[in-house]
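Per-entry structural report
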Amino acid sequence: ARSQGGRRWSQFDQGMIHAVERRHNLASDLRLAIERDELRLHYQPIVDLASGRVVGAEALMRWQHPAHGLVPPDYFISLAEQSGLINDIGAWCLDTVCAQLAAWQADGLDIHVTVNVSARQIPDGLTPAHVVAAAARHGIAHQRIGLEVTEGSLLGESAATLEWLDSLRQAGFRVYLDDFGTGYSSLAYLKRFRVDTIKIDRAFVRDMGRIASDRVMIEAVVMMASGLQLKVVAEGIETAEQLAMLRAIGCHFGQGYHFSRPVPPAEFPAALARIASL
Ligand code: C2E
Ligand code: CA
Ligand code: CA
Ligand code: CA
């Protein structure tokens, strides 16, 4: 299990949740979570490293469980994938993000938001038509919606997966390759799957100050991506030292606790103000 956000979720007892999971209670609770309005999206700012300005945010799901408190996604996304519920949850997520974008737009906040897409949702669970419809429902320009996919979820390399990717990009949505560096990343891969942005996994950022090869890997990815007209987001920036190194390397964007943890929408303006004063 991940240790991040430990303080925020201190009321959440991991030992208990494992026991509950074994009894399949969580899985059946999850079935009702949408209609009971227990799912939440928190937003983590994405910063343009050169200017220091917030240009976007990643939507990250939490489950406000009546008995267990705020459950992190690592505990219920896999349950949702196994049961197929991920399609309903993913549709809810996209609609909620579009509603949030409309609200921010009304407040004069012009940013983009990315949502995480599971392998299970590709290509039929979340179709390009679904995404177009969600954007239209809330009057959101397509280029302000980003879809984060992992290398693993594209690995099937089926015609249907490639078509999914291409039609989303042709419609103007942005596609992000998440957790880059942890899977089967290669140049050939990036050539086959045309994405807009690469997100470097935070494992590389975490160790870049200590492990030279991790810094070299980030440098190489930024250089390669720039040559391919791709943008790079560094995940998991926790220190000013990491930020300075990434800026020196020329990495385009970043997110991490150094700027802000993922926050509920009500706390987002305060997070923006804090980042502006960094
Ligand atoms: P991810 O997409 O790689 O998301 C980044 C994770 O890193 C988030 O964990 C975020 O809170 C955390 N993080 C951000 N900055 C830092 C930092 O500076 N230091 C550290 N240590 N961690 C940082 P979170 O929110 O617990 O999400 C975990 C995973 O759950 C996500 O990994 C994603 O794979 C999945 N997930 C979250 N929301 C959704 C969703 O709506 N749909 C799907 N399919 N998956 C989701
Ligand atoms: Ca992500
Ligand atoms: Ca990631
Ligand atoms: Ca991840």
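Residues numbered from 1 in each chain as written. Chains lettered and ligands numbered in written order. Predicted model: local features only at pLDDT ≥ 70, side-chain atom pairs only at ≥ 80, totals over all residues. Heavy atoms only, no water.

**Here's the deal with the overall build of the protein**
Note the cut-off: Helix and strand assignments follow DSSP, with helices taken as H or I runs no shorter than four residues and strands as E runs no shorter than two, numbered in order from the N terminus. Partly exposed residues are those whose accessible area sits between 20% and 50% of the maximum for their type, while under 20% is buried and over 50% is exposed, using a 1.4 Å probe and protein chains only. In this description, accessible areas are obtained by the Shrake-Rupley approach with a 1.4 Å probe, and a residue is regarded as covered only by the protein chains that are shown.
Along the backbone of the protein there are 12 helices and 9 strands. Within the span of the protein, comprising 278 residues, buried residues form 47% of the whole. In the structure as shown, the protein presents an accessible area of about 12900 Å², 51% of it carried by carbon and sulfur atoms.

**Quick look at the packing of helix H10 (residues 212–227) against helix H11 (residues 240–249)**
Packed helix pairs are characterised by how far apart their axes lie and by the angle those axes make with each other. Under the convention used in this document: Under this scheme, a helix contributes an axis fitted over its contacting stretch, all axes are lines through C-alpha atoms, and angles between N-to-C directions fall in the 0 to 180 degree range. In this scheme, roughly parallel covers angles under 35 degrees and roughly antiparallel covers those over 145, while 65 to 115 is roughly perpendicular and the rest are oblique. In this scheme the crossing of two helices becomes right-handed for a clockwise turn of the near helix relative to the far one and left-handed for an anticlockwise turn of less than a right angle. By definition in these notes, contact holds between two residues if any of their heavy atoms fall within 4.5 Å. As a working rule, the residues Ala, Val, Leu, Ile, Met, Phe, Trp, Tyr, Cys and Pro are called nonpolar, Asp, Glu, Lys and Arg charged, and the rest polar, with Gly in that last group.
Contact pair H10 / H11: the axes reach a minimum separation of 10 Å and the direction vectors enclose 40 degrees. Judged on the interaxial angle alone, H11 and H10 are oblique. When you trace H10 past H11, the crossing you get is right-handed. Contacts between H10 and H11 pair Arg215, Ile218, Glu219 and Val222 from the former with Met245, Leu246 and Ile249 from the latter. Counted by class, the contact of H10 with H11 contains 5 nonpolar, no polar and 2 charged residues.

**Structural notes on the coordination of the calcium ion (ligand 2)**
For clarity, the cut-off: Donors, by definition, are the N, O and S atoms found within 2.8 Å of a metal, the threshold being 3.2 Å for Na, K and Ca, and water is not counted, so a site can look incomplete.
Taken together, the protein donors to the calcium ion (ligand 2) comprise Glu58 (OE), Asn116 (OD1), Glu148 (OE) and Asp178 (OD), at separations of 2.2 to 2.3 Å. Every donor residue of the calcium ion (ligand 2) comes from the same chain, spaced as E-x57-N-x31-E-x29-D. Between the two metal centres, the calcium ion (ligand 2) and the calcium ion (ligand 3), the spacing is 3.9 Å, with Asp178 acting as a shared donor. Here the residue Glu58 occupies a position in strand S2 (residues 54–65), and Glu148 occupies one in strand S5 (residues 145–150), the gap between them amounting to 90 residues. Grouping residues by exposure puts Glu58 and Glu148 together as buried.

**Details of the nonpolar core**
As a rule of thumb, nonpolar side chains are buried together in soluble globular proteins. Short version of the rule: Nonpolar cores were defined as sets of buried Ala, Val, Leu, Ile, Met, Phe, Trp, Tyr and Cys residues, with membership established by side-chain atoms within 4.5 Å.
Formed by 75 residues in total, the largest nonpolar core has its most connected members in Leu30, Tyr43, Val97 and Leu246. Here the element with the most residues in this core is helix H4 (residues 86–106); it accounts for 9 residues.

**A few points about the coordination of the calcium ion (ligand 3)**
A four-donor tetrahedral metal ideally has 109.5 degree angles, and a six-donor octahedral metal ideally has angles of 90 or 180 degrees. Ligation of the calcium ion (ligand 3) by protein atoms is provided by Asp178 (OD), Asp179 (OD), Glu235 (OE) and Glu235 (OE), these donors lying 2.1 to 2.7 Å from the ion. One chain supplies every donor to the calcium ion (ligand 3), and in sequence these donors are spaced D-D-x55-E. Residue classification places Asp178 among the buried residues on the basis of a relative accessible area of 6%.

**Observations regarding the packing of H4 against helix H5 (residues 128–138)**
Following both chains from N to C, one finds H4 and H5 inclined at 30 degrees, their axes separated by 9 Å at the closest point. Comparing their axes, H5 and H4 come out roughly parallel. Judged by the sense of rotation from one axis to the other, the crossing of H4 with H5 is right-handed. Judged by residue contacts, Leu94, Asp95, Cys98, Ala99 and Ala102 of H4 engage His130, Val131, Ala134, Ala135, Arg137 and His138 from H5. Tallied by class, the residues present in the contact of H4 with H5 amount to 7 nonpolar, 2 polar and 2 charged.

**Examining the site of ligand 1**
Threshold: The nearness test applies per residue and asks whether one of its heavy atoms lies within 4 Å of the molecule or strand. Throughout this description, a polar contact denotes any pair of N or O atoms lying within 3.5 Å of each other; where both atoms belong to protein, one of them has to be capable of donating a hydrogen while the other can accept it, and for residues adjacent in sequence the pair is counted only when both atoms sit in side chains.
Not every one of the 24 residues close to ligand 1 is listed here, only the nearest: Gln44, Arg62, Ser118, Glu238 and Tyr257. Between ligand 1 and Gln44, the relevant distance is 2.9 Å, taken from a nitrogen atom to a side-chain nitrogen or oxygen of the residue. In the model, an oxygen atom of ligand 1 is placed 3.2 Å from a nitrogen or oxygen of the Asp179 side chain. Protein contacts shield 91% of the accessible area of ligand 1, which totals 800 Å² for the unbound molecule. Elements represented by at least two residues in the shell around ligand 1 include exactly S2, helix H3 (73–83) and strand S6 (174–180). A total of 4 residues in the shell around ligand 1 trace back to one element, the largest contributor, which is S2.

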